[in-house]
Amino acid sequence: QVRLVESGGGLVQPGGALRLSCAAEGSIFRVNTMGWYRQTPGNQRELVARFPSGGSTNYADSVKGRFTISRDNAKNTVYLQMNSLKPEDTAVYYCNADLFPNSRIRSSYIYWGQGTQVTVSP
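On a predicted model such as this, the values are computed, not experimentally measured, just so you know. (Residues numbered from 1 in each chain as written. Predicted model: local features only at pLDDT ≥ 70, side-chain atom pairs only at ≥ 80, totals over all residues. Heavy atoms only, no water.)

Let's talk about the pairing of strand S8 (residues 77–82)
Working note: regular strand, side chains alternate between the two faces of the sheet.
And step 1. Where burial is concerned, most of S8 is hidden: 5 out of the 6 residues are buried.
And step 2. As judged from the 6 bridges shared by strand S3 (residues 18–26) and S8, these two strands associate in the antiparallel manner. The residue bridging Ser21 from the neighbouring strand is Tyr79, located in S8.
And step 3. Where strand S7 (residues 67–72) hands over to S8, the hairpin turn is made up of 4 residues, of which Asn76 adopts a positive phi near 50°. (Buried < 20%, exposed > 50% of the residue type's maximum accessible area, 1.4 Å probe, protein only. Helix = DSSP H or I, 4+ residues; strand = E, 2+ residues; numbered from the N terminus. Pairing = 2+ DSSP bridges.)

Some words on the pattern of salt bridges
And step 1. Applying the stated criterion to the full structure yields 5 salt bridges.
And step 2. Taking the shortest distance from any N to any O, the salt bridge between Arg66 and Asp89 comes out at 2.7 Å. Taken together, the positions of Arg66 in the loop between strand S6 (58–59) and S7 and Asp89 in the loop between S8 and strand S9 (91–100) put the pair 23 residues apart, joining distant regions of the chain. Of the two residues, Arg66 and Asp89, both sit in the buried class.
And step 3. Shared partners join several salt bridges into a network, and the residues in it are Arg38, Glu46, Arg66 and Asp89. (Salt bridge = Lys/Arg side-chain N within 4 Å of Asp/Glu carboxyl O.)

Some points on the sheet that holds strand S1 (residues 2–7)
And step 1. Spatially, the 4 strands line up as an open sheet ordered S1-S3-S8-S7, and their pairing is antiparallel. The two strands at the open ends of the sheet, each matched to only one other strand, are S1 and S7. Within the sheet, the average angular offset between the axes of one strand and its neighbour, ignoring direction, is 15°. (Axes fitted to C-alpha atoms, helices over the stretch in contact; angles between N-to-C directions.)

A few points about the state of the cysteines
And step 1. If you walk through the whole model with that rule in mind, you get 1 disulfide.
And step 2. Disulfide pairing is shown between Cys22 and Cys95; the S-S distance is 2.0 Å. Looking down the S-S bond of the Cys22 and Cys95 bridge, the torsion is -80°, so its handedness is left-handed. Residue Cys22 is located in strand S3, and its partner Cys95 is located in strand S9; the two are separated by 73 residues in the primary sequence. (Disulfide = S-S within 2.5 Å.)

Focus on the packing of aromatic side chains
And step 1. What the rule picks out here adds up to 1 aromatic pair.
And step 2. Look at Tyr37 and Trp112: their rings are 5.1 Å apart centre to centre, the planes differ by 70°, and that puts the pair in the edge-to-face class. Of this pair, Tyr37 sits in strand S4 (residues 30–39) while Trp112 is found in strand S10 (residues 109–112), placing the two residues 75 residues apart along the sequence.
And step 3. Overall, the relative accessible area of 37% leaves Trp112 in the partly exposed class. (Phe/Tyr/Trp six-rings, centres within 6.5 Å; stacked < 30°, edge-to-face > 60°.)

Set out below in structure tokens:
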């Protein structure tokens, strides 16, 4: 069984920084894309950043130049370094992974973390 374990959320003042981590744990054969999404009450979940395996990273326009996504393939872990945080970055941040849990199946599966709250407030 696969699960995504997130950490690193919290309360920070505007202009501050936080680093989120997400580790994919369990029986994993191969991880394709890992990424981060966020959601505020009453709104749809939106892409923040994604890191395809062997590909270039993608960022939402609202976070370009402030957030950096990275991953450690050996640890099946993805990170999100968030700098120059703004109140509008306040949301629940969800880790996302597209992966093959074993070598016998032909299609990958999408997994989500439990979410971590990020609050940017004076």
